[in-house]
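# An overview of the molecular structure
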Amino acid sequence: MSPQPELSKEAPQQPPQAALIQMILGRWVTHMIHAAAKLNLADHLAAGPLPPAELAARTGMHAPSIYRLLRALASVGIFAEDAQGRFALTPLAEPLRSGVPGSLRGVAIMFGTEFNVRVWGDLMRSLETGEPAFPRVYGKPMFEYFAEHPEMSRIFEEAMTSFSQVTIPAVLAAYDFSGVSTLVDVAGSHGSVLAAILQTYPQMRGILFDMPSLMPGAQKYLAEQGVDGRSSFVGGDFFVSVPESADAYLLKHILHDWDDPRCVTILKNCRRAMSPNGRVLAVDTVIEPGNAPALGKLLDMEMLVVTEGGFERTEAQFRALFEAAGLRLARVLPTPSPFSIIEGRPA
């Protein structure tokens, strides 16, 4: 008897319409994740599974509606319902916890807020004009608006800190800072990246450079991390100058916020200030050719609607920026994350 052919165990291929409609409805998932993050549902479930009624009581919400939210999120892998009707954390839900390594709670909150939703609602006008939507919607550029609206600024800073939780271990895994005696973290917010680097390299000194208004929170954070004895905060404007005589200048997720002329200004200020053998370390996505999925290509659209000319760049575009600032692109180091380290040295 001839052997019987094996039946394929592969799942049937999803028709294009089914895949596309999930993408079309992706905004619904964004808002559900935003709600779960705002309500701290992942924190409430950290000790173990709970029924929806208990979660509703803890959050002051409507129990049947909380159940519907959890059920919908469980259908995309965020939370899971057991046989007793309780919900538990899943690997995708863990990063929605606050204060844990790799937390993305701040990102989840920011991208579901009204200010981000309204700006994306004006995408068509940005596609027509090439101009950002944020000033049209809110009457002024994003960073000026945040300066006048502390609550929105706080949400933004928390989201950037969440992004840093993804970036920090990747940068430390990819780059050897052992030759750096003084590092300036340019526009480093409250210092989460600088603190992590200083903790890893105990002989290094660090300077956190950002807006003067961030000083109290930054100094408190650096002290909590035990690196305040080897770090200092300097307030200022990177379009004017940066602290002098350091060995390295870190620009994490900074250059993608600005157009080429303003990026060149920032880089020239770093070039002018650095020690003779100094370096610039830009941490951003680097856009590769082809059609492969890439966070940078999506993030680039966020830059279109919210920033004044910012965008995600290719390696060639980074090289041109560095050369215009008197630097040479020494190397591009991929990291275990969507972000790369673009190293510039004096030309």
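On a predicted model such as this, the values are computed, not experimentally measured, just so you know.

Each value, and the rule that gives it
- Residues numbered from 1 in each chain as written.
- Predicted model: local features only at pLDDT ≥ 70, side-chain atom pairs only at ≥ 80, totals over all residues.
- Heavy atoms only, no water.
- Helix = DSSP H or I, 4+ residues; strand = E, 2+ residues; numbered from the N terminus.
- Buried < 20%, exposed > 50% of the residue type's maximum accessible area, 1.4 Å probe, protein only.
- Contact = heavy atoms within 4.5 Å.
- Areas by Shrake-Rupley, 256 points an atom, 1.4 Å probe, with all protein chains shown as cover.
- Lys, Arg positive; Asp, Glu negative; His and termini not counted.
- Charge placed at Lys NZ, Arg CZ, Asp CG, Glu CD.
- Core = buried A, V, L, I, M, F, W, Y, C linked by side-chain atoms within 4.5 Å.
- Phe/Tyr/Trp six-rings, centres within 6.5 Å; stacked < 30°, edge-to-face > 60°.
- Polar contact = N/O pair within 3.5 Å; in protein donor to acceptor, adjacent residues only side chain to side chain.
- pLDDT = per-residue confidence, 0-100.
- Expected span 1.5 Å × (residues − 1).
- Patch = residues over 30% accessible without salt bridge, like charges linked within 9 Å, V, L, I, M, F, W, Y side chains within 5 Å.
- Salt bridge = Lys/Arg side-chain N within 4 Å of Asp/Glu carboxyl O.
- Pairing = 2+ DSSP bridges.
- Right-handed = clockwise from strand over helix to strand, strands pointing away.

Let us look at the overall build of the protein chain. Scanning the protein chain from N- to C-terminus turns up 16 helices and eleven strands. Along the first, second and third principal axes, the C-alpha atoms of the protein chain reach 70 × 55 × 50 Å. Taken across its 347 residues, the protein chain has 44% of its residues classed as buried. At a minimum sequence separation of 6, the contacts of the protein chain that also span at least 24 residues come to 64%. For the protein chain, the exposed area adds up to about 17800 Å²; of that, 57% sits on carbon and sulfur atoms. Here the protein chain contributes 29 positively and 36 negatively charged side chains, and the mean placements of these two sets differ by 1 Å.

If you look at the biggest cluster of nonpolar residues, it comprises 37 residues, and the most contacted ones within it are L41 and F79. Excluding residues within four positions of it along the chain, F79 makes contact with A36, L41, A42, L45, L70, L73, A74, F87, A88, L89, T90 and A93. Core analysis: the second largest hydrophobic core is formed by 31 residues, Y201, F233, F339 and I341 among them.

Once that is clear, we can look at the packing of aromatic side chains. Inspection of the entire model under this criterion finds 17 aromatic pairs. Ring geometry for F239 against W258: centres 5.0 Å apart, planes inclined by 85°, an arrangement best described as edge-to-face. Of the two residues, F239 is situated in the loop between strand 5 (231-235) and strand 6 (248-252) and W258 in the loop between strand 6 and helix 14 (260-273); the sequence distance between them amounts to 19 residues. With relative accessibility at 27%, the residue F239 sits in the partly exposed group. Residue classification places W258 among the buried residues on the basis of a relative accessible area of 10%.

If you trace the backbone, T167 turns up in helix 11 (residues 150-174). Among the polar contacts made by the side chain of T167, one reaches the main-chain carbonyl oxygen of F163 at a distance of 2.9 Å. Setting aside anything within four residues of it in sequence, one finds T167 in contact with K252, H253, V283 and F339.

On average, residues of the protein chain carry a pLDDT of 94, and 97% of them reach 70 or more. Contacts for the low-pLDDT stretch residues 1-8, under 50 throughout, to residues beyond four places or in other chains number zero contacts.

The end-to-end C-alpha distance of helix 11 is 35 Å, a good match for the 36 Å that 25 residues give at a rise of 1.5 Å each. Listed in full, the buried residues belonging to helix 11 are M152, I155, F156, E157, A159, S162, F163, S164, T167, I168, A170 and V171.

A separate point is a nonpolar patch on the surface. On the surface, L20, I21, M23 and I24 cluster together into a nonpolar patch covering about 440 Å² of accessible area. Among the secondary structure elements, I21 is positioned in helix 1 (residues 16-24).

When you tally the buried positions in strand 4 (residues 205-210), you get five out of six residues, the bulk of the element. As paired elements, strand 3 (residues 182-186) and strand 4 share five bridges and run parallel to each other. Within the sheet, the bridge partner assigned to V184 lies in strand 4 and is I207. One crossover worth recording links strand 3 to the parallel strand 4 by way of helix 12 (residues 192-200), and it is right-handed. In terms of strand pairing, strand 4 meets strand 5 through five bridges, oriented parallel.

Mapped onto the secondary structure, S192 falls in helix 12. Beyond its immediate sequence surroundings of up to four residues, S192 is in contact with T161, S164, Q165, I168 and Y221.

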